[in-house]
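The primary structure of each chain is shown beneath.
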Amino acid sequence: MNKIRLVFVAMVFVFLQACNRSELKAENPIQEAEAVKTELPSEPIEIKVGDNLTETLAKIKVKNSKLKVVNLSSIINDKSSMIILVKPGCVFCESLLAIMNSQKTKAKPQLIIALDGAHANAEEFKAKFKKNNNIKAEWIYDYTNKFHDELSMSSFPRLLYLDKKQNVIENQIGLKLPEDKASLEGLEFPVILQKLSVGTVDWIEDL
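Predicted, not measured: the structure shown is a model, and the values here were computed from it.

Can you tell me about the overall build of the protein chain, naming the residues and giving the values?
When you go through the protein chain residue by residue, the secondary structure sums to eight helices and nine strands. Sorting the 207 residues of the protein chain into buried and exposed places 47% on the buried side. Expressed as a percentage of contacts within the protein chain between residues at least 6 apart in sequence, the contacts between residues at least 24 apart total 77%. Carbon together with sulfur atoms contributes 52% to the accessible area of the protein chain, which is approximately 10600 Å² in total.

Here it is as structure tokens:
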């Protein structure tokens, strides 16, 4: 019985990592002048709890919801922040956004929702934040794919929680698994997906 549970939990974990760049890199045409890389650097950057990302984030320029180019550091601006990287069409990302939008999610850290240029063009970015306008968040478009190049962020969703000094508090890959993973046993995948999405939103709101 324990072996069956371990296999089940392992399968859920694998499902949560399914939306990755290597499998989905050619879904959308890129409409920016600069080519966007989709393969990871030869030595992927590992983001660990306690790492300070001030210098790295200072290199990153993004477009805001009005598609104006701004420095990412000016958006973070000495506030604790939760950066949520999502990809249109990723079932895990879409489920998370749907729950956040329906619950009108608010959190103590400022929420920053990011789409990248490898998986969304400017029009898709604008459509996504307009559709989810109940979420109290800053929306940014990583049009030159710097989250990928500078931080090796290549799975979706990715939730990067930073304190006001830009130290990493948590680097969450995929939706948040419950402490009691066996509670998901025997459930249909759509039910599991909703439970994990709700649990992730609850975690965000409890920060």
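Tell me about the confidence of the model for the protein chain, residues and numbers included.
Per-residue confidence for the protein chain gives a mean pLDDT of 84, with 80% of residues at or over 70. The least confident element of the protein chain is helix α2 (residues 21-24), whose mean pLDDT is 44; the most confident is strand β2 (residues 61-63), at 98.

Please give an account of helix α5 (residues 91-103) that cites residues and values.
Note that an α-helix has 3.6 residues per turn; residues three or four places apart therefore point the same way. Under the 1.5 Å per step criterion, the end-to-end length of α5 is 18 Å for 13 residues, consistent within 8% with the ideal 18 Å. The first or second residue beyond α5 is Lys104, which carries a positive phi of 50°.

Go over helix α8 (residues 189-206) with me, naming the residues and quoting the values.
The end-to-end C-alpha distance of α8, which contains 18 residues, comes to 25 Å, matching closely the 26 Å that a straight helix rising 1.5 Å per residue would cover. Listed as buried for α8 are Ile192, Leu193, Leu196, Ser197, Thr200, Val201, Trp203 and Ile204. Buried residues along α8 cover an arc of 165° about the axis, so they all sit on one side.

Give a description of the packing of aromatic side chains that names residues and reports values.
Counted under the stated rule, the structure contains four aromatic pairs. Ring centres of Phe125 and Tyr141 lie 5.3 Å apart, and the angle between their planes is 20°; on these two criteria the pair is classed as stacked. Of the two residues, Phe125 sits in helix α6 (residues 122-131) while Tyr141 sits in strand β6 (residues 138-142), which places them 16 residues apart along the sequence. Take Tyr141: its relative accessible area is 1%, and that puts it in the buried class.

Could you give an account of the side chain of Ser152, with specific residues and numbers?
When you line up the elements, Ser152 lands in the loop between α7 (146-151) and β7 (155-156). Within the local environment of Ser152, its side chain forms a polar contact with the backbone nitrogen of Ile45, the two atoms lying 2.7 Å apart.

For the state of the cysteines, give the residues involved together with the corresponding values.
By the definition in use, this model includes zero disulfides. Not engaged in a disulfide, the cysteine Cys93 finds its nearest cysteine sulfur in Cys90; these two sulfurs lie 3.0 Å apart. For Cys93, a relative accessible area of 1% puts it in the buried group.

Can you explain the environment of Val198? Please cite residues and give values.
As for its placement among the helices and strands, Val198 is situated in helix α8. A residue is classified by how much of its surface remains accessible, and Val198, at 25% relative accessible area, is partly exposed. Along the primary structure Val198 and Ala98 are separated by 100 residues, whereas in three dimensions their C-alpha atoms are 9.8 Å apart. Not counting residues within four places of it along the chain, the set of residues in contact with Val198 comprises Ile99 and Gln103.

Please give an account of the packing of α5 against α8 that cites residues and values.
Orientation of α5 relative to α8, taken along the N-to-C sense of each, is 55°, at an axis distance of 9 Å. One finds that α5 runs oblique with respect to α8. As α5 packs across α8, the resulting crossing turns out to be right-handed. The residues of α8 that touch α5, namely those facing Val91, Phe92, Ser95, Leu96, Ile99, Met100 and Gln103, are Phe189, Leu193, Gln194, Ser197, Val198, Thr200, Val201 and Glu205. Its residues assigned to classes, the contact of α5 with α8 comprises nine nonpolar, five polar and one charged.

Thresholds applied
Residues numbered from 1 in each chain as written. Predicted model: local features only at pLDDT ≥ 70, side-chain atom pairs only at ≥ 80, totals over all residues. Heavy atoms only, no water. Helix = DSSP H or I, 4+ residues; strand = E, 2+ residues; numbered from the N terminus. Buried < 20%, exposed > 50% of the residue type's maximum accessible area, 1.4 Å probe, protein only. Contact = heavy atoms within 4.5 Å. Areas by Shrake-Rupley, 256 points an atom, 1.4 Å probe, with all protein chains shown as cover. pLDDT = per-residue confidence, 0-100. Expected span 1.5 Å × (residues − 1). Arc of directions from axis to C-beta. Phe/Tyr/Trp six-rings, centres within 6.5 Å; stacked < 30°, edge-to-face > 60°. Polar contact = N/O pair within 3.5 Å; in protein donor to acceptor, adjacent residues only side chain to side chain. Disulfide = S-S within 2.5 Å. Axes fitted to C-alpha atoms, helices over the stretch in contact; angles between N-to-C directions. Parallel < 35°, antiparallel > 145°, perpendicular 65-115°, else oblique. Left-handed = near helix turned anticlockwise from the far one by under 90°. Nonpolar A, V, L, I, M, F, W, Y, C, P; charged D, E, K, R; others polar.

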